[in-house]
Amino acid sequence: MKCLLIASESAEVLFHWTDKEYELNLQEQYGAFQEEGERPPAFEDSINTLFAPIIISCSTMVDRLGDSYTCFSTENNHTYVLHQFDECLYIAVNGDGEEGENHLKRKIYVMKKMIDVLFGMVTLSSTLLRKELRPQDTEQRTRLWKQLQSLLETYSRLREKDQSFLVEAVERLIHPTLCEQCIEFLERRLVQQINTSVERAGEEVLHAFILVHTKLLAFYSSRNASSLTSSDLLALIVMVQNLYPSNIDLDDSNPEDVENAPEIFYTPKASPTDGQSSPTDSASSGRQEDRSTPVFEFVDPDIQMAEDSLQTLQAPPPDPATPCRVFLEVTLKEGFYPMMPHSMYCLPLWPGITLVLLTKIPNSPVATSVYSFLDAFARLEKRLSEGQEGSAATRGQPTIQDLRSKLDKFIRALGTSDIQTSHLQSVWTEFKNKAFTRAGTGFTKDLLPWCRSMKTQLCAVYRQCFITDGGGGGGGPQRLSPHLQERALTMVQEKLMDWKDFLLVKSKRNITMVSYLEEFPGLVHFIYVDRSAGQMIAPSLNITDRANSELGKGPLAHFIKGKVWSLVDTTRRYLQKGYSTVTLRDGDYYFCYFLWFENESGYKLEVMDLPILSDDSAPIGMLACDYYKKLLRLYSKSHQGEVVKCYELLTVHLGVIPADYILQHCSQLARKLWEPSRIPLL
């Protein structure tokens, strides 16, 4: 019973996702009110009817009170979490008790992050974002929504099963020799060959990395590339897993399961003779298990047409040669630029092992210029809104004459390309007439609408360049040639051919508790996270019904896994309240959590008071909103000129171990794990 919805202030649904239980419940709810023989309402109409009062209520409260509710529960135990991003309202619902308020809020923020990665600065214009999320073309809208729905489902699956997405940090495969060889191979052979090839169509590989399922084997960034943030890397791993999902459960299947599987025989249907019609696959496949259903039945033509349309709208399998356009954070010598365009190539080496290339596209300087102008107009709009007019409105930013000169040159340069700039030119001319001429109003509040219009038009140019198909190279033919991609794929396959089986096994048993039990008796599990690098180390917790783990098989293994997931949620609640240390006993187990800071040489720094966050703050983590980056920035203010690093350690011990020994174990374990985390993979 789960649902996530994005709506505009006018109650127009821009995106929705529901699980099967919620969909059936909604159909039963609204189907019960229809008269006999009347066609049931379309599912989207039912969603609109259900959520419209909530959306309108939220908008009314914001307009009249300047505030709105963020969470509420209904009499049927449904939990609703709401969050407003600009003019888009996100609503997450749970009706089965599996997800609480914090989980739903995290899901909303992750969805927002994925939309930012897919649409870039278009998200800064609510008008344009509404058009992107709800295209007029039904087929295009269906494809987009299926992609977003699939990304959300992939994230939910990873968070339930993968420790790296539980704590939101990248997990590395621990094999220093192989990792070093692969990094050297990516640098000296793969990236160098691609970047010197005439077939690269002006693109330049900035980052190359190899994933084994969700674990990072090797990562290389070129010398002129900005570092890739942990938030963006985690989002990219979700996208890779969405394209090529890992099915660990199937990999863990035992021979006995195959032998005991029931035999299923397939008998093809007889071909229809002339004048006969064949039952459609879509109408029959869903009823094969119902033996009491007659073979021949009449199907409503409208229903049949809808089913045929759904079959037609199924997204084709991904073409590895076609890159995804992604928008990532970049830090250049000129400053910080969010949502810069990149092309992402996902090349599957073998099932479960993927090579990912991130390239800089030829017209990316347009994006840096657009962001600089957007930032300038946003600052001007803020100052004018605060009542600062005249020279006070332009203080503290590049001179307004400098902005005027650069924007004039920018528009003239775009005029030589295929980008439509007439609307931008028109709005800019009107802005200049009002701001710079004697007949104009000058820098007063009258300029506010024109500031907003300028931001919208700049985002529209950005959209043409990087998102619209065929526009300015956004989805056009400029990309690494298929031959060059195939050569890159073959090179990496040859390099890893003798290692592939080992890597697939290693990804499921990266490090084991056996190697720690002799030194730390009573230790059941731990998770160690380097928040500065965005990396984590933890013993494997692959638990399936068909395979044994170190924790055994059956209820005990699932119980321990559930306790670990619960511990992470508990520590986040305490972090939100400003606690950096948590110790608690739960039945037969003793849990510990520590967050601390060190300098570059490993010397532990004094404890600081952590900020206390409000209930409506962004969820603690690194994927949707990097809490730890803000924490490090805050702590570094009192350690100027010193590199500050942040670490976390979570441990689970047997409850019979004395508390003094447990705390001693935690200290020794942190020192033991400190050295491996220095392998320079990022």
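Criteria and thresholds
Residues numbered from 1 in each chain as written. Predicted model: local features only at pLDDT ≥ 70, side-chain atom pairs only at ≥ 80, totals over all residues. Heavy atoms only, no water. Helix = DSSP H or I, 4+ residues; strand = E, 2+ residues; numbered from the N terminus. Buried < 20%, exposed > 50% of the residue type's maximum accessible area, 1.4 Å probe, protein only. Contact = heavy atoms within 4.5 Å. Pairing = 2+ DSSP bridges. Core = buried A, V, L, I, M, F, W, Y, C linked by side-chain atoms within 4.5 Å. Arc of directions from axis to C-beta. Axes fitted to C-alpha atoms, helices over the stretch in contact; angles between N-to-C directions. Left-handed = near helix turned anticlockwise from the far one by under 90°. Patch = residues over 30% accessible without salt bridge, like charges linked within 9 Å, V, L, I, M, F, W, Y side chains within 5 Å. Areas by Shrake-Rupley, 256 points an atom, 1.4 Å probe, with all protein chains shown as cover. Salt bridge = Lys/Arg side-chain N within 4 Å of Asp/Glu carboxyl O. Lys, Arg positive; Asp, Glu negative; His and termini not counted. Charge placed at Lys NZ, Arg CZ, Asp CG, Glu CD.

Q: Can you help me understand the side chain of Arg159 in this one?
A: Its place among the elements puts Arg159 in helix α5 (residues 138-161). Its relative accessible area of 6% is what places Arg159 among the buried residues. Dropping the residues within four chain positions of it, Arg159 is found in contact with His103, Arg106, Phe165, Leu166, Trp565, Asp569 and Arg572.

Q: Explanation requested: the pairing of strand β4 (residues 79-85) in the structure shown.
A: Across a regular strand the side chains alternate sides, sitting on one face of the sheet and then on the other. Counting buried positions over the seven residues of β4 gives five, a clear majority of the element. As consecutive antiparallel partners, strand β3 (residues 71-73) and β4 are separated by five residues, and within that stretch Asn77 has a phi angle of approximately 65 degrees, a positive value. Where β4 meets strand β5 (residues 88-94), seven bridges bridge the pair, whose relative direction is antiparallel. In the strand pairing of β5, His83 is matched with Tyr90. Following β4, the chain reverses through two residues before pairing antiparallel with β5; Asp86 in that reversal takes a positive phi of roughly 55 degrees.

Q: Is there a simple way to think about the nonpolar core in this case?
A: As a rule of thumb, nonpolar side chains are buried together in soluble globular proteins. Counting residues in hydrophobic clusters, the biggest one holds 152 residues, and the most contacted among them are Ile6, Phe51, Ile91, Met111 and Phe597. Leaving out residues up to four positions away in the same chain, Met111 has contacts with Leu4, Ile6, Phe15, Tyr90, Leu148 and Leu152. Judged by nonpolar contacts, the second largest core, of 32 residues, contains Phe185, Ile194, Leu480 and Leu503.

Q: Sorry, what's going on with helix α4 (residues 126-133) here?
A: Along an α-helix, residues three or four positions apart point the same way, because every turn accommodates 3.6 residues. Along α4, the residues classified as buried are Ser126, Leu128, Leu129, Glu132 and Leu133. Down the axis of α4, the buried set is contained in an arc of 160 degrees. They therefore lie on one face. Elements that come into contact with the buried residues of α4 comprise β1 (2-8), β2 (13-18), β5, α3 (101-119), α5 and α16 (448-466).

Q: Explanation requested: the sheet that holds β1 in the structure shown.
A: By definition, the strands of a sheet pair up through backbone hydrogen bonds, in either a parallel or an antiparallel sense. The five strands lie next to each other as β2-β1-β5-β4-β3, forming an open sheet whose pairing is antiparallel. Strands at the two margins of the open sheet, each flanked by one partner only, are β2 and β3. When the angles between neighbouring strand axes are averaged without regard to direction, this sheet yields 15 degrees.

Q: I tried to follow unusual backbone geometry on my own but got confused; where do I start?
A: Note: most residues except glycine have negative phi, and most peptide bonds are trans. The residue Asp86 is not glycine, and still its phi comes out positive at about 55 degrees. As for its placement among the helices and strands, Asp86 is situated in the loop between β4 and β5.

Q: Explain the packing of helix α13 (residues 365-385) against helix α14 (residues 400-415) to me, please; I cannot follow it from the model alone.
A: When two helices pack together, their arrangement is given by the angle between their axes and by how far apart the axes lie. Contact geometry for α13 and α14: axes closest at 11 Å, N-to-C directions at 145 degrees. As α13 runs across α14, the sense of the crossing is left-handed. Contact residues: α13 offers Val366, Ser369, Val370, Phe373, Ala376 and Phe377, while α14 offers Leu403, Lys406, Leu407 and Phe410.

Q: Sorry if this is basic, but what is going on with a negative patch on the surface here?
A: A cluster of like negative charges, contributed by Asp67, Glu101, Asp615 and Asp616, occupies part of the molecular surface. Here Asp67 is to be found in the loop between α2 (43-65) and β3. Classification of Asp67 as exposed rests on a relative accessible area of 52%.

Q: What is the right way to look at the environment of Asp615 in this model?
A: Structurally, Asp615 is set in the loop between β15 (589-599) and α21 (627-636). Here the alpha-carbon distance between Asp615 and Asn102, two residues 513 residues apart in the chain, equals 9.3 Å.

Q: It is not clear to me how the sheet that holds strand β11 (residues 353-360) should be interpreted in this structure. Could you clarify?
A: The antiparallel open sheet is built from five strands, whose spatial order is β8-β7-β11-β10-β9. Unpaired on one side and paired on the other, β8 (215-221) and β9 (324-332) mark the two borders of the sheet. Looking at each pair of strands side by side, their axes are set apart by 30 degrees on average, direction ignored. Helix-sheet contacts for helix α8 (residues 230-243) involve β7 (204-212), β8, β9, β10 (335-350) and β11, and the interaxial angle to β9 is about 165 degrees. Of the strands in this sheet, β7, β8, β10 and β11 touch helix α17 (residues 482-496), which is tilted by about 65 degrees from β10.

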